[in-house]
Amino acid sequence: EFKYRGMHLDVSRHFFSVPFIKLYIDLLARYKFNTFHWHLTDDQGWRIEIKKFPDLTEIGSKRKETLIGAYGSSPVQYDNTEYGGYYTQEEIRDVVNYASARYIEIIPEIEMPGHSAALLASYPQYSCSKGTHEVATTWGVMNNVICPTDTSLWFMKEILDEVCDLFPGKYIHIGGDEVSKDEWKKSDACTKIMLRQNLKNYDELQSYFIKQINFFLTKKGKILIGWDEILEGGLSQNAVVMSWRGVDGGIQAARQKHEVIMTPGTHCYFDHYQSISNQEPLAIGGFTSLEKAYSFNPIPDDLQPEYKKYILGAQGNVWTEYMSTPEQVLYMAFPRAIALSEVTWTSKEKRNYSDFVQRLNQHIKWFKANNINISTAFLDLSYRTYSSPEGVQMVFNKAPVKGQILVETNSVEEGINQEYLSSDTMLLQHDMEFKSWYQLPDNRLGRSLSLAYKHHKFTGKTVSYSQNPSTKYSSGGLNSIVNGIDAPINKFSGPEWIGFDEGNNMEAIIENSDTLNMITVQLFQEESSWVYLPQSIEVYSSDDNIMYQLEGKNMLGLMPGRGITQSIKFSTPVMKRYIKVLIQNHGMIEEGRPGAGHGAWLFVGELKAE
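This is a predicted model, so every value here is computed, not measured.

Draft legend 1. Highlighting helix H13 (residues 336-345). Most of H13 is tucked away: 9 of the 10 residues are buried. Among all positions of H13, only Arg336, Ala337, Ile338, Ala339, Leu340, Ser341, Glu342, Val343 and Thr344 are buried. Where H13 is buried, its residues meet strand S1 (4-10), helix H10 (265-268), helix H11 (290-294), strand S14 (311-316), helix H12 (326-333) and helix H14 (353-369).

Right, here's the structure in full:
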């Protein structure tokens with residue numbers, strides 16, 4: 001169906017041996033992928049030998065320590081252990097030949113001008129600032145950026161000269177994403193370049209840098225690929241755009257007659273959680289189930305027919321901030337990569353998820369017979385919740401294979417009780433803890449889903465919004481914020497968090513029938529994913545849903561931590577029919593912070609009333 005069928009692997013955040021890279025390539029070949037995108041450099045490590053500049057590996061391949069736990073957690077902890085590794089040029093050639101024999105082209109990625117902490121730690125003279133640099137020990141977007149001077153351009157071209165010699169394929173990926181402009185704005189050298197080249201802004205300065213690199217690669221007979229940020233400020237016509245921030249960048253590029261590879265985070269980021277099970281390993285965030293990966297359509301419906309020919313195909317991305325072992329990489333990549341292989345090989349009309357899952361069983365048996373790790377998280381339960389007069393209706397996902405749902409409840413009223421549900425629905429009416437499993441016909445059980453329901457004065461009530469949350473982050477239903485189940489404080493994926501994007505506020509109205517003394521709100525913060533705490537929380541009350549009275553307000557702003565709980569106590573008890581909760585989004589993200597210049601995401605969990 002598509003001529004570009006790709007998988008990616010980040011070896012900068014965590015390094016993986018040549019034997020594992022060859023196993024990864026074997027699996028890609030098995031599933032008809034024809035491209036391996038090898039992410040070789042980033043802030044956290046430089047992984048490719050460049051003979052002209054030995055300090056890139058002597059210094060840049062090593063970081064003094066690595067973050068422990070989730071990025072953004074408080075307090076921040078490190079392992080106090082040096083971490084390193086790189087591929088010699090002989091190893092690179094060996095891997096390239098190995099892939100070529102399996103009809104797979106390798107695309108190397110050399111990040112520029114951002115994500116360059118490891119490079120600048122090795123050769124700080126190519127930075128705009130005079131300070132020292134070190135290889136990054138944590139994740140997220142750094143201020144380290146290559147200064148776009150003539151000497152820096154010479155330096156990068158010399159590096160790419162060796163890279164081009166090592167990789168005979170037609171593509172070279174130069175990154176171009178998440179470039180912090182702070183250092184450029186302080187630089188006299190950048191000001192002189194902008195005046196000399198008649199550049200109006202710093203996006204055009206980045207475009208100037210990329211175009212110089214593109215001209216060099218074109219002379220070498222190569223085609224430049226970059227993440228969709230390379231569109232900003234203008235782009236050379238022969239460059240290929242890899243659209244990761246959704247599909248909009250790909251649509252824009254195709255309409256400008258650029259070739260496009262679709263790899264949106266919504267469907268193709270295999271570092272996201274793939275189950276809401278409590279037993280899932282720590283991941284960077286997000287939620288991309290097997291079914292969601294399989295549902296991806298690389299050609300957007302709203303792209304005009306004359307531009308569809310510019311969509312080359314799709315790619316799955318495996319970023320390894322939280323994958324330190326080969327087993328973890330395999331668990332996160334497969335079987336979602338198998339789903340993507342069918343997306344890129346088979347026409348949309350012929351794809352059927354239920355049929356795919358039935359066939360997948362044979363592939364899982366093959367993985368296990370060959371002692372290759374693979375996830376079966378697609379058998380784990382997920383759910384949505386709905387408000388009803390009787391309580392909270394929990395509706396479990398319909399499993400893709402035949403089986404039944406087993407639930408074990410533990411409550412004061414009924415003690416411990418285990419039963420098979422006669423339908424996919426369970427009614428929550430009083431405080432309880434419960435586990436649920438999916439049981440296959442051969443009596444195998446999926447992993448358990450453990451939850452606790454705590455009744456409060458808003459549970460079972462109906463919520464209406466002035467603007468609904470993002471469809472990407474409201475999988476649990478619009479009433480999930482009043483379903484009596486706390487959102488997990490370690491991740492913002494799954495059915496308990498709702499997300500509002502592009503700086504949007506949450507304005508929710510709940511019909512009330514009780515006297516209220518306090519409202520408590522769960523909030524989430526993870527700057528690396530552009531999720532910020534709101535500016536404020538305001539609570540209003542009304543008898544007619546027209547005239548509202550302010551009952552309480554909390555100011556927040558920037559605070560440490562991830563899962564944050566805020567309570568607003570009323571000066572006097574409130575007994576009004578309508579309660580409005582207005583949560584003011586953080587708004588535009590400040591310079592120097594991840595996502596600078598974009599609207600922040602707002603994530604809200606349980607909204608409790610007492």
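Don't stop here, the text continues.
Draft legend 2. Broad picture of the sheet that holds strand S13 (residues 260-262). Strand order in the closed barrel made by the 8 strands is S1-S2-S9-S10-S11-S12-S13-S14, with parallel pairing throughout. In this sheet, neighbouring strand axes are inclined to one another by 30 degrees on average, regardless of whether the strands run parallel or antiparallel. Inspection of the sheet shows strand S12 (residues 240-243) paired to S13 by 3 bridges, in the parallel sense. Each bridged residue has a counterpart across the sheet, and for Val241 the counterpart in S13 is Val260.

Draft legend 3. Spotlight on the packing of helix H1 (residues 18-30) against helix H3 (residues 89-100). The N-to-C vectors of H1 and H3 enclose an angle of 20 degrees; their axes lie 10 Å apart at closest approach. In terms of axis orientation, H1 runs roughly parallel to H3. With respect to the hand of their crossing, H1 and H3 are arranged in right-handed fashion. When H1 is examined against H3, the residues Val18, Ile21, Lys22, Ile25 and Asp26 are found in contact with a partner set consisting of Glu91, Asp94, Val95, Tyr98 and Ala99. Of the residues in the contact of H1 with H3, the class split is 6 nonpolar, no polar and 4 charged.

Draft legend 4. Looking closely at the environment of Gly233. Structurally, Gly233 is set in the loop between strand S11 (223-227) and S12. By relative accessible area, Gly233 is classed as partly exposed at 36%. With sequence-adjacent residues up to four places away left out, Gly233 is seen in contact with Asp203, Glu204 and Ser207.

Draft legend 5. Main features of the sheet that holds strand S21 (residues 449-453). If you walk across this open sheet you meet the 4 strands as S18-S17-S20-S21, and the pairing is antiparallel. Two strands in the sheet have a free side with no partner beyond their single neighbour: strand S18 (415-420) and S21. Sheet twist, expressed as the average angle between the axes of neighbouring strands with direction ignored, equals 20 degrees.

Draft legend 6. Layout of the pattern of salt bridges. If you walk through the whole model with that rule in mind, you get 29 salt bridges. The partner of Asp161 in a salt bridge is Lys220, and the shortest N-O contact between them spans 2.5 Å. Here Lys220 lies in the loop between helix H8 (202-219) and S11 and Asp161 lies in helix H5 (residues 150-166), a separation of 59 residues in the sequence. Note on Asp161: relative accessible area 27%, which makes it partly exposed. The residue Arg447 makes a salt bridge to Glu280 at a minimum N-O spacing of 2.5 Å. Of this pair, Arg447 sits in the loop between strand S20 (432-439) and S21 while Glu280 is found in the loop between H10 and H11, placing the two residues 167 residues apart along the sequence. For Arg447, a relative accessible area of 23% translates into the label partly exposed.

Draft legend 7. Here's a closer look at the packing of aromatic side chains. Counting across every chain of the model gives 27 aromatic pairs. Summarising the aromatic geometry, the rings of Trp366 and Phe367 are spaced 5.4 Å apart at their centres and angled 80 degrees between planes, so their arrangement reads as edge-to-face. Between Tyr465 and Phe500, the ring centres sit 6.2 Å apart and the planes meet at 55 degrees, which makes this aromatic pair tilted. One end of the pair, Tyr465, is in strand S22 (residues 463-465); the other, Phe500, is in strand S23 (residues 498-500), and 35 residues separate them in sequence. Of the residues examined, Tyr465 reaches a relative accessible area of 13% and is grouped as buried.

Draft legend 8. Structural detail: the packing of H3 against H5. In contact at an axis separation of 10 Å, H3 and H5 are set at 40 degrees when each is read in the N-to-C sense. Here H3 is positioned oblique relative to H5, judged by the angle of their axes. Listed contacts from H5 to Gln89, Ile92, Arg93 and Val96 of H3 are Glu162, Asp165 and Leu166. Residue composition of the contact of H3 with H5, by class: 3 nonpolar, 1 polar and 3 charged.

Draft legend 9. Main features of H8. For H8, spanning 18 residues, the distance from its first C-alpha to its last is 26 Å, which sits close to the expected 26 Å at 1.5 Å a residue. Lining the buried residues of H8 we find strand S9 (105-112), H5, strand S10 (171-175), helix H6 (182-185), helix H7 (188-197) and S11. Where H8 starts, the residue carrying a side-chain oxygen 3.1 Å from the main-chain nitrogen of Asp203 turns out to be Asn201. Immediately downstream of H8, the backbone of Gly221 shows phi near 80 degrees, a positive value.

Draft legend 10. Just the side chain of Ser480, in detail. Position of Ser480 among the secondary structure elements: in the loop between S22 and S23. The exposure class assigned to Ser480 is buried, which follows from its relative accessible area of 0%. Polar side-chain contacts of Ser480 include one of 3.0 Å to the backbone oxygen of Gly477. Not counting residues up to four positions away in its chain, the partners in contact with Ser480 are Thr385, Pro495, Glu496, Ile498 and Glu606.

Draft legend 11. Broad picture of the pairing of strand S16 (residues 391-396). Looking at chain direction, strand S15 (residues 383-388) and S16 are connected through 6 bridges and run antiparallel. Each residue of the ladder has a partner; that of Ser387, found in S16, is Val392. What sits between S15 and S16 in their antiparallel hairpin is a turn of 2 residues. Judged from the 4 bridges that link them, S16 and strand S19 (residues 425-428) form a sheet pairing that is antiparallel. Residue pairing for S19: Val395 is matched across the bridge by Thr425.

Each value, and the rule that gives it
As a convention, each chain's residues are numbered from 1 in the sequence order in which they are written. It should be noted that, the model being predicted, local features are given only for residues of pLDDT at least 70 and side-chain atom pairs only at 80 or more, the latter also being counted only at that level, while totals for whole chains, interfaces and linings use all residues. Only hydrogens and water are set aside; all other atoms, that is, all heavy atoms of the structure, feed into the side-chain values. Each residue gets one of three labels from its accessible area relative to the maximum for its type: buried under 20%, exposed over 50%, partly exposed in between, using a 1.4 Å probe on protein chains only. Helix and strand definitions follow DSSP, with helices as H or I runs of at least four residues and strands as E runs of at least two, each counted in order from the N terminus. By definition, residues are in contact when any of their heavy atoms lie within 4.5 Å. Two strands pair if DSSP finds at least two bridges between them. Note on method: axes are straight lines fitted to C-alpha atoms, helices fitted across the in-contact stretch only, with angles between N-to-C directions ranging 0 to 180 degrees. Here roughly perpendicular refers to angles of 65 to 115 degrees, roughly parallel to angles under 35, roughly antiparallel to angles over 145, and oblique to all remaining angles. Throughout, a crossing is termed right-handed when the near helix is turned clockwise from the far one, and left-handed when it is turned anticlockwise from it by less than a right angle. Gly is placed with the polar residues, together with every amino acid not listed as nonpolar (Ala, Val, Leu, Ile, Met, Phe, Trp, Tyr, Cys and Pro) or charged (Asp, Glu, Lys and Arg). Counted as salt bridges are all cases of a side-chain nitrogen of Lys or Arg within 4 Å of a carboxyl oxygen of Asp or Glu. When two rings of Phe, Tyr or Trp (its six-membered ring) have centres within 6.5 Å they constitute a pair, described as stacked for plane angles under 30 degrees, edge-to-face for angles over 60, and tilted for the intermediate range. What a helix should span is 1.5 Å times the count of its residues minus one. Pairing of N or O atoms within 3.5 Å defines a polar contact, subject to two protein rules: one partner must be a possible hydrogen donor and the other a possible acceptor, and residues neighboring in sequence count only if both atoms are side-chain atoms.

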